[in-house]
Structure formats: structure tokens, C-alpha cells
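# Structural description and commentary
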Amino acid sequence: MFLKPFRVKTQSALKNSDRKKLRADICSQYPNLSEEAVSELVPNKVEMNVTRISTHRGEVAQIYFVQQNPIVFESYKKIYPTVYALWQFPDLVPVFRTWAPVFEKLKNGADLMLPGVIYDKEPSQRMFGNLHKGDMVSVSIAGNRSPVGIGQALLSGEDMYMSALKGKGVGMIHILGDTLWEAGDKSMPPPRPEPLPSDPEEEKDSENGTEDDIPNMDGLQIDNRASSSDQQDGELVPDGENNEGVKDENGVNVDETKDPVGKSEMDELLHRCFGCAIKSRIKDSDLPLRFVDLMKDFVQPFSPTIQIDIKKSSYKKLSKFLQHMASEAYITTKEHIKGVDVITTIDRDHPALKDLEVPEPVEMESLDEGASPSKDEEVCKPLTFTDVYCVNAATLDFFKDRRISKGDALKMSDIKEAVNRYIQHNNLQHSDNKTVTLDPVLAHMILKPSDGDLDHMLLEHVYNRVVGKMQPAVAISSSDGLIAIKKGKLEPISMDVDKRASNKKEFLNGWIGFQMTIIDNLEEYGFNLKAFARIVQRAVACSCSVVQTEQKNKGPQVQVQGNQIAYVGKLLIEKYKIPKKYIVGLEKAPKQKKR
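This one's a predicted model, so the numbers in the text were calculated from it and none came from an experiment.

Right, let's talk about the environment of Leu-490 for a bit. Of note, Leu-490 is situated in the loop between strand S20 (481-487) and strand S21 (493-500). The class for Leu-490 is buried, based on a relative accessible area of 9%. As a C-alpha pair, Leu-490 and Val-474 span 16 residues in sequence and 7.2 Å in three-dimensional space. Those residues in contact with Leu-490 that lie beyond four places of it in its chain are Phe-385, Val-474, Ile-476, Tyr-525 and Tyr-582.

Once that is clear, we can look at the nonpolar core. Formed by 62 residues in total, the largest nonpolar core has its most connected members in Leu-22, Ile-26, Leu-33, Leu-41, Phe-73, Phe-96 and Leu-112. Apart from residues no more than four positions distant in its own chain, Leu-33 is found in contact with Ile-26, Val-38, Phe-89 and Leu-92.

Let us look at the pattern of salt bridges. Evaluation of the coordinates by the stated rule reveals 10 salt bridges. Here Asp-111 makes a salt bridge to Lys-168, at a shortest N to O gap of 3.5 Å. Taken as a pair, Asp-111 in the loop between helix H4 (100-106) and strand S7 (112-113) and Lys-168 in strand S11 (residues 168-175) lie far apart in primary sequence, 57 residues in all. Classification of Lys-168 by relative accessible area gives partly exposed; the value is 47%. Of the charged contacts in the structure, one is a salt bridge between Arg-465 and Asp-451, with a shortest N-O distance of 3.0 Å. Separated by 14 residues along the polypeptide, Arg-465 in helix H15 (residues 459-469) and Asp-451 in the loop between helix H14 (440-446) and strand S18 (456-458) bring together distant segments of the chain.

For the rest of this paragraph, the subject is the packing of helix H16 (residues 529-540) against helix H17 (residues 565-575). Pairs of packed helices are described in terms of their axes, by the angle between the two and the distance that separates them. Running from amino to carboxyl end, H16 crosses H17 at an angle of 125 degrees, the nearest separation of the two axes being 11 Å. Between H16 and H17, the angle is such that the two are oblique. Once H16 is placed against H17, the crossing between them reads as right-handed. Across from Phe-532, Ile-535, Val-536, Ala-539 and Val-540 in H16, the residues of H17 making contact are Tyr-567, Val-568, Leu-571 and Leu-572.

Along the chain, Leu-287 connects to Pro-288 via a cis peptide bond; the corresponding omega equals -5 degrees. Tracing the backbone shows Pro-288 in the loop between helix H8 (263-281) and strand S12 (289-290). Phi at Lys-577 is positive, roughly 60 degrees, even though this residue is not glycine. Along the chain, Lys-577 falls in the loop between H17 and strand S27 (583-584).

Take helix H9 (residues 291-299) next. In terms of burial, H9 is a largely internal element, 8 of the 9 residues being buried. Of the positions making up H9, those classed as buried are Phe-291, Val-292, Asp-293, Leu-294, Met-295, Asp-297, Phe-298 and Val-299.

So, about the pairing of strand S9 (residues 136-141). Summarising burial for S9: 6 of the 6 residues are buried, a large majority. Here S9 shows two buried faces, one formed by Met-136, Ser-138 and Ser-140 and the other by Val-137, Val-139 and Ile-141. Sheet topology places strand S6 (residues 95-98) next to S9; 4 bridges connect them, and they run parallel. Within the sheet, the bridge partner assigned to Thr-98 lies in S9 and is Ile-141.

Turning to helix H1 (residues 16-29), a few remarks are in order. Given a rise of 1.5 Å per residue, 14 residues ought to cover 20 Å, and the 20 Å separating the end C-alpha atoms of H1 matches this to within 8%. Of the residues making up H1, those classed as buried are Arg-19, Leu-22, Arg-23 and Ile-26. Seen from one end, H1 has its buried residues packed into an arc of 100 degrees, which puts them on one side. Residues of H1 that are exposed and point more than 90 degrees away from the buried face comprise Lys-20, Lys-21 and Ser-28. Residues of H1 that are buried make contact with helix H2 (35-41), strand S2 (48-54), strand S3 (60-66), strand S4 (69-75) and strand S5 (78-81).

Going through the model one piece at a time under the given rule, you end up with 13 aromatic pairs. Judged by centre distance (5.3 Å) and plane angle (70 degrees), the ring pair of Tyr-84 and Trp-87 falls under edge-to-face. Taken together, the positions of Tyr-84 and Trp-87, both in helix H3 (residues 83-88) and 3 residues apart, correspond to about one turn of that helix. Note on accessibility: Tyr-84 and Trp-87 belong to one class, buried.

Cut-offs and rules
- The residue count restarts for each chain, going from 1 along the sequence in the order it is written.
- It should be noted that, the model being predicted, local features are given only for residues of pLDDT at least 70 and side-chain atom pairs only at 80 or more, the latter also being counted only at that level, while totals for whole chains, interfaces and linings use all residues.
- Where side-chain values are given, they derive from all heavy atoms of the structure, hydrogens and water being excluded.
- For helices the rule is a DSSP run of H or I covering at least 4 residues; for strands it is a run of E covering at least 2, with both sets numbered from the N terminus onward.
- A 1.4 Å probe rolled over the protein chains alone gives each residue an accessible area, and that area as a share of the maximum for its type sets the label: buried under 20%, exposed over 50%, partly exposed in between.
- Contacts are residue-level and defined by heavy atoms, with any inter-residue pair within 4.5 Å sufficient.
- Definition of nonpolar core: a set of buried residues of the types Ala, Val, Leu, Ile, Met, Phe, Trp, Tyr and Cys, connected through side-chain atoms within 4.5 Å.
- By salt bridge we mean one thing: a side-chain nitrogen of Lys or Arg within 4 Å of a carboxyl oxygen of Asp or Glu.
- Note on method: axes are straight lines fitted to C-alpha atoms, helices fitted across the in-contact stretch only, with angles between N-to-C directions ranging 0 to 180 degrees.
- The labels follow the angle: roughly parallel below 35 degrees, roughly antiparallel above 145, roughly perpendicular from 65 to 115, and oblique for the rest.
- Handedness of a helix crossing follows the sense of rotation of the near helix relative to the far helix, less than a right angle counterclockwise being left-handed and clockwise being right-handed.
- Two strands pair under a simple rule: DSSP has to find at least two bridges between them.
- A helix's residues, less one, multiplied by 1.5 Å, set its expected span.
- The directions from the helix axis to the C-beta atoms form the arc being described.
- Each pair of aromatic rings taken from Phe, Tyr and Trp, with Trp reduced to its six-membered ring, is defined by centres within 6.5 Å and is described as stacked if the planes are under 30 degrees apart, edge-to-face if over 60, and tilted in the remaining cases.

The quantities given are spatial measurements derived from coordinates; they are silent on function.
If you want it as C-alpha cells, here you go:
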């Protein structure tokens, strides 16, 4: 939730009446916390502020600060403690322990996998206590009881056991090192020593483990081993990208435990390659250029032997480096659309670039036939579309006992599970297993005025009525994870053919000019437009570009010379698995002539 910078909307001092309400809400949500502890968490005579923010995903939350540190934040009427609060009360919520190397994955946006959890008890159905799906849990690192993050259980304790302790266990919401932690004094977890498990080797081979030494909390690093794209796209560095099998100029294997590039050397390499990129490689047609496309497409080719890792530089984040370059007048930047920053102009005549010798860039992937898949094709990955339903005001009372908040998206199977659990818990099912007695909560939620005093209903009808009360949405995801949840009607990818004037004397249907295929809304489906345009350009061997539309609140569009609707439609449907119902304009493809 806080991996990327959030936007502050309002900020104000907290009134005494608001403090009382906050204490009451905390007591209600955390009944095990004593009133003295709550008063310590929300003190009376200490300066407190509340900041209303909007995250990079558009989620709205309120953060409560005690002096300098954020203590709790509220999202969808649910209060979450920050790591600063958890350090005061480490046993506030159930704790999942893991190894220090797993922390490196979590801080980059990964969920905590069950094989990476350290278990103190023998596996059993009650090893997690009475843990429910959606319950709040904290995460700590072996050797120190002080939590380093908080999240929600993705399965119930019983389901975790039944899954053979495999798969995702905790969805991380806030973690040490994210932007919420940076909003405080950036202190580290206080030492609360605990015995380390005797056999860590088994954990090193887990799905989230690595083979690094396990450091103590005093030496825990907040910023390292992340992707060079500054987490703008939320992707993790693949596990296979290490030095294994890499050889130096003498043919000797590089020792993966050694780091040949220090911070100052990485800074120098970054500056030199960035200067080469803006001096010779970035063209005006590439602008506006997204931050996430800069490194792999334009900067890295000037360093074919050493991987440029922004996390090993003094800047730590790509956005900070580009802000520095903008302050030095190399470039100008702006927020292109919500949550997407771009480079808008570059200065190739900057005095510092005058004596810079630009080497020949080395492309990392061959485009010849038979070569390995290009990076462009890796960027544009097949998508999956899942119908989901969002909890709204009409259904919130039914789901709140399941620790599900307003706005949460649920699949049909999750809704059926919640309904079944409710029916079983309240003993509402008839002996035929098909009919359900309607208690006041169910009746108030699903009955229509025309139903009168109906007191029972078929189970399948109950499912349909509950779903009918929720807001429909579509979850778009790729093999890397969730891209977006689109509520309401999903805007389709639109394809159209436009006629443009031209100096070339091409006669089309009585009109002199040429045709242009216009593709809109690709960015809504998670496509990298420049990479997609290059794929189309190579396939149809004609001009293809990304152009910003003139319409307000509309993103950029892809323009392809000629009527290429047939090819683009086939590409979207067959390769990227876009359902036909999400594509309009397919009928405008040229008609095939009869032989």
C-alpha cells in the first residue's frame, strides 16, 4: 500500500474529541489492548496530527501522527498499527516469523509465502489458533521479536494447514522501509532478542528464502537488491538474476558473494550511461518517456558488462536520481497521468555532455528470427480477466465480521464461502441442504419489497441476491500479479481507422491520402505502449508510434500506418488473451477478397 509515494490531501491538528473517538475505535477493534495501553498509544497532552492521503492506487487513508511518527492509519473504516506502534506493543496482533533474507522480498512488494514462515509448533489444524482470512497479522524476523511489517492473512489458519503450508500466507500492507515508515523518524526496530531456530538451512530453500547470511536487526538493510526501475512497476527482481554462470574477461566465474561495484563506482557508471542515453539514444519521438522504460531501454545498453542497479547507488531510488538530474537541468519531468511520471524534455547541449564520448550501445536481446524472446514481448504479457464484486454500503454489515472492508473485491467463490460460513455459524440451513432460513441480517440485505415477509429462500438464490447487491468489477492480472481492479463497466480497447492527408499520391476510395489505425485504452490494460508499438512495427513493417491524445483525461494512443486492425486484433486476442468483449472496432478490418 505504501511502496510508492503517497499524495497528501489535507493535514490538521487532532482535536480532543477526535482523540476520544480514535481511542474508542482502537478499543473496539483491539479488545485485548487495555485502556492504559490505548492512552499510551493516543496520548492526551502530546501534539497529534491527522493527515489525509491518497495512495498511488487511488486508495484514501488517514494517518495519525504522534509528534513525528505515524502511529496508526485508517483505511475503509479499519485501523492498522504502523511499525512504530507495533514496537510499543509487539503482541498486538498474531505474529508470523520469517528469515531476514525474506524481508528483502517483502519490502519490494511480495507477499509472505507460507514456506518462508518459521513455525514454533508441530503442524496441526490449530497451529495458527483461531486465525480467519482477512485477520490482521504482523511479521517479525528470526532473532528479534520486534515486528517489521503488518498485513492481512490471505487464508484462514485451517486453510493454511490444509494447503500443506504452501502458497501465499500474508498480504503485506505496510513494512519497514516503505513511504509510511519514511514519514516518521526512520528509526530501526528496537532489539528484543529471541532464540534462533536450530536449523535454518531448510528455510533457505523455501520459496521466499535465499542463501544469504542471516543478519541481526542492527545491521538490517532497508534499501538493497531491488529492481533498477525504482519499483515504479511493482515488479521484483527474478530469482534467477544473479551472478551464477557469469564469467569475467578471463573466463573465470564471478563469485556471487562479491560485489565488484561500490556506491561511488555505481554513481559514476549511472551518470555516464545516463549522459550517453540523453546525448545520443533518446530521440524526440521517444518523449514523453516513462521512468520505468528509461533504464532497460536507454541507459543499460551503454553498460553491457555491468548491471546498473540504482539501489547500489547513493540515490537508492530512480525517482530521486531523476529529480537530481532535473535540478541540474539535464531533463524536465512531470506527472503524465495519475501515478505515472515521465521525462518530457532533454538537453543534449548540456555543458557537462560536451566532452562525453558515447560508445556504441549493446542491445541485450537479439531480434533475429529464432532468438530468445525480446524484452518488448516480456513487457507485454498475457492478461487474465476475473469477474469480481466489491463490498459496498448495502453489503458491508454482512461482511464486516469477516474483517472485510468496504471496497474490497471478492471473487464469486469467496462470496459463496462467506455466505456458507454465515449460514453454518447461525444454523440457518434446512435439512435438505438447499433451503436457507432468512434471519434479520440476510432478510434486510437481500429481500425486495415484492417478497413480502418471506422467511426462507433457496441457497442458490441467496448467492445471486448477495452478488446482485454488490458492485461488479473486473480484476486484470498478468503472470506477475494484479494490475488493476476496474469497477463498473470496463472501458474497452478501441480500434478505429482514420484518413490522413499525405503528399503521397495514394488513391483510396476516391480520396487521396493514407489510412491510419488508431488504438486507444491499451494503457488501461497494463500495456507498455512503446514496447507494444515496437512489436507491431516489426510485424507489419510500417510506421507505428505512441501519441498523446488531445481529449481531456484520455491517455496516449498507438497509431499504426495503414489499416492494421486485422493483425492488431489477432495479436490482442490470441497472444495477450484479451476477450473479444473488451475490444471494439474489429469489424473495421479490411474485407478479405474472394479467390
